[in-house]
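# An overview of the molecular structure
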Protein chains: 4
Amino acid sequence: MNKYSHIQTEAYEANMQLPALGLVLFTFGNVSAADSSLGVFAIKPSGVPYADLTPDKMVVVDFEGQKVAGDLRFSSDTLTHAVLYKHWPKIGGIVHTHSTYATAWAQAQRSIPVFGTTHADYTTADIPCAPPMSDEMIKGNYEYQTGFQIIDCLKNNSLSYEEVEMILVGNHAPFTWGKNAAKAVHNSAVLEYIAKMAIVTEQINSQAPRLKPALIAKHFERKHGPDSYYGQ
Amino acid sequence: MNKYSHIQTEAYEANMQLPALGLVLFTFGNVSAADSSLGVFAIKPSGVPYADLTPDKMVVVDFEGQKVAGDLRFSSDTLTHAVLYKHWPKIGGIVHTHSTYATAWAQAQRSIPVFGTTHADYTTADIPCAPPMSDEMIKGNYEYQTGFQIIDCLKNNSLSYEEVEMILVGNHAPFTWGKNAAKAVHNSAVLEYIAKMAIVTEQINSQAPRLKPALIAKHFERKHGPDSYYGQ
Amino acid sequence: MNKYSHIQTEAYEANMQLPALGLVLFTFGNVSAADSSLGVFAIKPSGVPYADLTPDKMVVVDFEGQKVAGDLRFSSDTLTHAVLYKHWPKIGGIVHTHSTYATAWAQAQRSIPVFGTTHADYTTADIPCAPPMSDEMIKGNYEYQTGFQIIDCLKNNSLSYEEVEMILVGNHAPFTWGKNAAKAVHNSAVLEYIAKMAIVTEQINSQAPRLKPALIAKHFERKHGPDSYYGQ
Amino acid sequence: MNKYSHIQTEAYEANMQLPALGLVLFTFGNVSAADSSLGVFAIKPSGVPYADLTPDKMVVVDFEGQKVAGDLRFSSDTLTHAVLYKHWPKIGGIVHTHSTYATAWAQAQRSIPVFGTTHADYTTADIPCAPPMSDEMIKGNYEYQTGFQIIDCLKNNSLSYEEVEMILVGNHAPFTWGKNAAKAVHNSAVLEYIAKMAIVTEQINSQAPRLKPALIAKHFERKHGPDSYYGQ
């Protein structure tokens, strides 16, 4: 036991959900769990198979991306997580995967249109796709810049990180977040589900219309608005 | 034990079939089971994971949509179920899911063409897709109006709820029904299977013809007609 | 034990492979196993879930389609099996499924082109798709006529039932056969696999060419010719 | 125990991963493991179901394709493996499968474009597709010539077998390799994953661009370059 074991356990359990939900092949994904009062997060070590993980192998890192505790090298995507935690104070978990359909939309460099209520139950907007970074950003501190690419994409789409908890990074893959690691993993599974339905929708009707504004508002508000009536 | 435990057990068992048949992610679906002599139905509580369900957590509701028994808040789709039970006296179960392929057809706002005998074993008609509701209906009592959207769509297609036990609600997702909850779940699985085959059929041949009338009649009648010879 | 228990056991075990191989939803398929010396075959009873099957529930039928033994009603497709056994003396097993991709090709009314060596390992020809039957044939003895539709389709394509052990019946679904029931089931799984690969191939390259004749001959002969060197 | 049991065990364990990873139907694949100091490799016997394999059933063959030890007939693809081991001294494992999406690209006779970072984590190049062989090569020693078809395809694309560890053989199916059998199997699973994402990417955007050079270089180098920082 140490003062970080609560987030190490949270990160461990959330990481183990990625293969259980079919969101990763081998080590193609990572989850982190943050404690904003301590200013740190626990994240998967790099390249370690999920079957070999234990809570104490989770690496603890501060919001500047400096290792605070742990014996292993942290995930190569750690600096992206650090940037997001630093700028978005209300989130407690982040997930990165290369799940098949969400990654295909990222590779296609297209935002996912809001085609139905399944999507609107999570966000009223298209799931944005950030453009590929400039060569200068790539050759600089790549993972650090990926964080800013995500933050800037939301800004450019006039979206807050509370309105949409998922994004595609162009040519790369999705990132999702939430109030804690479990919610961020939930959002990753939902994003993959929505991503598959969206391309099948276009295959059935290449002119499929977006959901009409009244339905977008209704579905989002019944689940998230002040008068929400979904859940217990 | 209480006087509703038979439908609570029926609804519980049918709800548990949804994840077993791969028809739901997380809590994206609900089943109800009705007792028409009592004028009530039991339905899944809202937002509760399937793994946490028990028969006594099923909420009992009357055909006006008023809670009769149960501690939890009922599914947010409950009023849609209530409207259908009130208007269709011979049904005993209703299912709503967001299963991938059926939902994609709903998002594409297209009815599913009767392309083969698998489809004709269940209904002689295209699976209808109800148009999205008017903004007035959406802003009113949304789930209640969804029930009427379903009823009106069948009427406008000159279909009875006994001829076709499945429908797509445009931009939303499918509903199915049947003589009891198990049959309604069976129909949901069949609808998802047909929905996937139909889009693959169009991908193989964009001009694929509908099943000819003589085959539609033959397959439906050998399973459902007065001289049916399918089953024991 | 009775004098048919060997084929009842063979048919039972082969039927149980259909759900194990993912080839059926609910009761959408049936397998039969024949003993040509006795002139009979054992086949799945109609509409009975696979989980409820036992060897002694298999119905024994002669090659004219008359029940010889068994308490249950035989599969509604039994007459199709009978016609094939009567006309093709060297086969010992037949399978009918509505597996997703093979059925989609049948619904699209297209033969499956020989796109690669996976296909050529089984047959040198396109997998033929029989045209839908005439209305007269449908209104007559439908399942009996389906058998002749299959036999005639092979004839019209100058194929023998030993060269190709699988066929699509237009607007309906696939049938496969083989020296015994296990080989017929094997062929059903292979057909579904080939059917999926063929549509994905066309999606990747809408002008994908057929396998060249030298490769077709090479792959078929190394597995089936007089100088075959595949297997033990 | 014999002097080859280390590679027989390695080959056995790697072969058993093929069905576990969903890469094969029935016996549609084979893995070999080489010991370059002994100049031999162990490979799956031909046509034996995976469930019946044991380490001692693996057949030991030298780099000329001559059997050195083992009671069973070796895989019909053995000569292809022998040619690759003979010409590529640094590899220790080879895999051949007919996995669905990779085989579909081979049947479509297209190289897989480098659409994203998932791909670039493994190779900076498109996954090449070797053209079908000439009729003379097919009618000669087919499997032996397949090895040269692979070697020549890399040469013609100015690629080394260390830069790209996977290839498609046109109209046939994929081959992968690596420092040992486990890495070759890992590459087969990754290839299938990339192959599926690539066609979905094109379905979402038929004009999807390749990954830009700066990103290709960044992702490959962070995993494989002298300053790599992926893994432990």
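These figures come from a predicted structure and were not determined experimentally.

Scanning chain A for helices and strands turns up eight helices and eight strands. In summary, chain A has a C-alpha radius of gyration of 17 Å against a globular reference of 17 Å for 232 residues, a match within 12%. By its C-alpha atoms, chain A is 50 × 45 × 30 Å across when sized along the principal axes. By the burial criterion, 62% of the 232 residues in chain A qualify as buried. Contacts spanning at least 24 positions in sequence make up 62% of the contacts within chain A whose residues lie at least 6 apart. Summed over all atoms, the accessible surface of chain A reaches about 8400 Å², with 50% contributed by carbon and sulfur.

Residues and elements named next belong to chain C. Read across the sheet, eight strands follow the order E4-E3-E2-E1-E5-E8-E7-E6 without closing on themselves; strand pairing throughout is mixed. Two strands bound the open sheet, and with one partner strand each, they are strand E4 (67-69) and strand E6 (129-130). Sheet topology places E6 next to strand E7 (residues 166-169); two bridges connect them, and they run parallel. Considered in E7, the bridge of alanine 130 is made with valine 169. Here helix H3 (residues 100-107) sits on the sheet in contact with strand E5 (93-97), E6, E7 and strand E8 (174-178), set at roughly 55° to E7.

Note on the identical chains: chain D maps onto chain A by a rotation of 90° and an axial translation of 0.0 Å, with an RMSD of 0.0 Å. Taken together, the rotation and translation describe the operation of a four-fold axis. Distance from the rotation axis, computed per C-alpha, reaches its smallest value in chain D at D:Gln203: 5.8 Å. Residue by residue, only 3% of the interface of chain D is reproduced at the interface of chain A, so the copies engage with different surfaces.

Looking now at the interface of chain D and chain A. If you look at the interface, chain D gives 33 residues, while chain A gives 37 residues. Roughly 3100 Å² of surface becomes buried between chain D and chain A when both sides are summed, with 57% attributable to carbon and sulfur atoms. Considering only the side of chain D, the residues that lose the most area to chain A are D:Tyr193, D:Ile204 and D:Gln232, jointly responsible for 22% of the buried surface there. The interface formed by chain D and chain A contains one salt bridge. D:Lys212 serves as the salt-bridge partner of A:Asp135, at 3.1 Å between the closest nitrogen and oxygen. The tally of links from chain D across to chain A stands at 16 residue pairs in polar contact (both at pLDDT 80 or more). Mapped onto the side of chain D that touches chain A, the elements with two or more residues apiece are helix H4 (117-120), helix H7 (181-204) and helix H8 (213-224) of chain D.

In this section: the sheet that holds strand E2 (residues 40-43) of chain B. Strand pairing within a sheet occurs via backbone hydrogen bonds; the two strands may be parallel or antiparallel. Residues and elements named next belong to chain B. With mixed pairing, eight strands are arranged side by side in an open sheet as E4-E3-E2-E1-E5-E8-E7-E6. Single-partner strands in this sheet number two, and they are strand E4 (67-69) and strand E6 (129-130). Both strand E3 (residues 59-62) and E4 contribute to a ladder of two bridges, which runs antiparallel. Bridge pairing in E4 links valine 60 to alanine 69. Running over the sheet, helix H3 (residues 100-107) touches strand E5 (93-97), E6, strand E7 (166-169) and strand E8 (174-178) and is turned about 55° from E7.

Compared with an ideal rise of 1.5 Å per residue, which puts 24 residues at 34 Å, H7(D) spans 35 Å between its outermost C-alpha atoms and is within 8% of the ideal. Here H7(D) starts with a cap whose side-chain oxygen sits 3.3 Å from the backbone nitrogen of D:Ala182, and that cap is D:Asn180.

The geometry of helix H7 (residues 181-204) of chain A relative to H3(B) is characterised by a closest axis approach of 8 Å and an angle of 50° between their N-to-C directions. Compared by their axis directions, H7(A) and H3(B) come out oblique. H7(A) and H3(B) meet at a crossing whose hand is right-handed. Residues A:Tyr193, A:Lys196, A:Met197, A:Val200, A:Thr201 and A:Ile204 of H7(A) form the contact with H3(B), whose participating residues are B:Thr100, B:Tyr101, B:Thr103, B:Ala104, B:Trp105 and B:Gln107. Among the residues making up the contact of H7(A) with H3(B), the classes are represented as seven nonpolar, four polar and one charged.

Glancing now at the interface of chain A and chain B. Between chain A and chain B, the contact holds 33 residues from the first and 37 residues from the second. Taking both partners together, chain A and chain B bury about 3100 Å²; carbon and sulfur atoms supply 57% of that area. Looking at the side of chain A facing chain B, the largest losses of area belong to A:Tyr193, A:Ile204 and A:Gln232, adding up to 22% of the total buried there. Where chain A touches chain B, the interface holds one salt bridge. At the junction of chain A with chain B, the criterion picks out 16 residue pairs in polar contact (both at pLDDT 80 or more).

Looking now at the relation of the copies chain A and chain B. Superposition of chain A onto chain B requires a rotation of 90° combined with a translation of 0.0 Å along the rotation axis, giving an RMSD of 0.0 Å. The share of interface residues of chain A whose copies in chain B are also at the interface is only 3%, consistent with the copies meeting through different surfaces.

A word on the side chain of B:Thr97. All names here are of chain B. Its place among the elements puts threonine 97 in strand E5. Reaching out from threonine 97, the side chain makes a polar contact with the backbone nitrogen of serine 99 at a distance of 3.1 Å. Sequence-distant contacts of threonine 97, that is, excluding residues within four places in its chain, are made with Leu18, Leu23, Val24, Phe28, Gly29, Thr103, Ala173, Pro174 and Ser188.

So, about the environment of A:Asp71. Among the structural elements, A:Asp71 can be located in the loop between strand E4 (67-69) and helix H2 (78-87). Separated by 14 residues in sequence, A:Asp71 and A:Lys57 have C-alpha atoms that sit 7.3 Å apart.

For the rest of this paragraph, the subject is the pattern of salt bridges. All names here are of chain A. Inspection of every chain in the model, using the stated rule, returns 24 salt bridges over all chains. One salt bridge connects lysine 86 with glutamate 64, and the closest N-O pair in it is separated by 2.8 Å. Highlighted residues: lysine 86 in helix H2 and glutamate 64 in the loop between strand E3 (59-62) and E4, separated in sequence by 22 residues.

What follows concerns the packing of aromatic side chains. Residues and elements named next belong to chain D. For the structure shown, the criterion picks out 32 aromatic pairs over all chains. Ring centres of phenylalanine 41 and tyrosine 85 lie 4.9 Å apart, and the angle between their planes is 35°; this geometry places the pair in the tilted category. Pair noted here: phenylalanine 41 is in strand E2 (residues 40-43) and tyrosine 85 is in helix H2 (residues 78-87), with a separation of 44 residues, a long-range link. Judged by its relative accessible area of 0%, phenylalanine 41 is buried.

Further remarks concern the confidence of the model for chain A. Per-residue pLDDT for chain A averages 95, and the proportion of residues at 70 or more is 100%. Model confidence for the complex: the whole-complex pTM is 0.97, and ipTM, which rates the interface, is 0.95.

Structurally, chain A and chain C remain out of contact, their C-alpha atoms never closer than 12 Å. What separates chain B from chain D at the closest point of their C-alpha atoms is a distance of 12 Å, and the two make no contact.

Here we come to helix H6 (residues 142-156) of chain B. For an α-helix, the turn length of 3.6 residues means that residues three or four places apart are oriented alike. Taking 1.5 Å of rise per residue, 15 residues should cover 21 Å, and H6(B) covers 20 Å from first to last C-alpha, within 8% of that figure. Note on H6(B): the residue one or two positions beyond its end, B:Ser158, has a positive phi of about 55°.

Take the pairing of strand E8 (residues 174-178) of chain D next. All names here are of chain D. Taken across its five residues, E8 has five buried, putting it largely inside the fold. Looking at chain direction, strand E5 (residues 93-97) and E8 are connected through four bridges and run antiparallel. Across the sheet, the residue bridging to valine 95 is threonine 176, located in E8. As judged from the three bridges shared by strand E7 (residues 166-169) and E8, these two strands associate in the antiparallel manner. In the sheet register, isoleucine 167 faces E8, and the bridge partner there is phenylalanine 175. Hairpin connection, E7 to E8: the antiparallel pair is bridged by four residues, and asparagine 171 has positive phi, about 70°.

About the criteria used
Residues numbered from 1 in each chain as written. Chains lettered and ligands numbered in written order. Predicted model: local features only at pLDDT ≥ 70, side-chain atom pairs only at ≥ 80, totals over all residues. Heavy atoms only, no water. Helix = DSSP H or I, 4+ residues; strand = E, 2+ residues; numbered from the N terminus. Rg over C-alpha atoms; globule rule 2.2 N^0.38 Å. Buried < 20%, exposed > 50% of the residue type's maximum accessible area, 1.4 Å probe, protein only. Contact = heavy atoms within 4.5 Å. Areas by Shrake-Rupley, 256 points an atom, 1.4 Å probe, with all protein chains shown as cover. Pairing = 2+ DSSP bridges. Axes fitted to C-alpha atoms, helices over the stretch in contact; angles between N-to-C directions. Least-squares fit on C-alpha atoms with pLDDT ≥ 70 in both. Buried area = accessible area lost by both parts, 1.4 Å probe. Salt bridge = Lys/Arg side-chain N within 4 Å of Asp/Glu carboxyl O. Polar contact = N/O pair within 3.5 Å; in protein donor to acceptor, adjacent residues only side chain to side chain. Expected span 1.5 Å × (residues − 1). Parallel < 35°, antiparallel > 145°, perpendicular 65-115°, else oblique. Left-handed = near helix turned anticlockwise from the far one by under 90°. Nonpolar A, V, L, I, M, F, W, Y, C, P; charged D, E, K, R; others polar. Phe/Tyr/Trp six-rings, centres within 6.5 Å; stacked < 30°, edge-to-face > 60°. pLDDT = per-residue confidence, 0-100.

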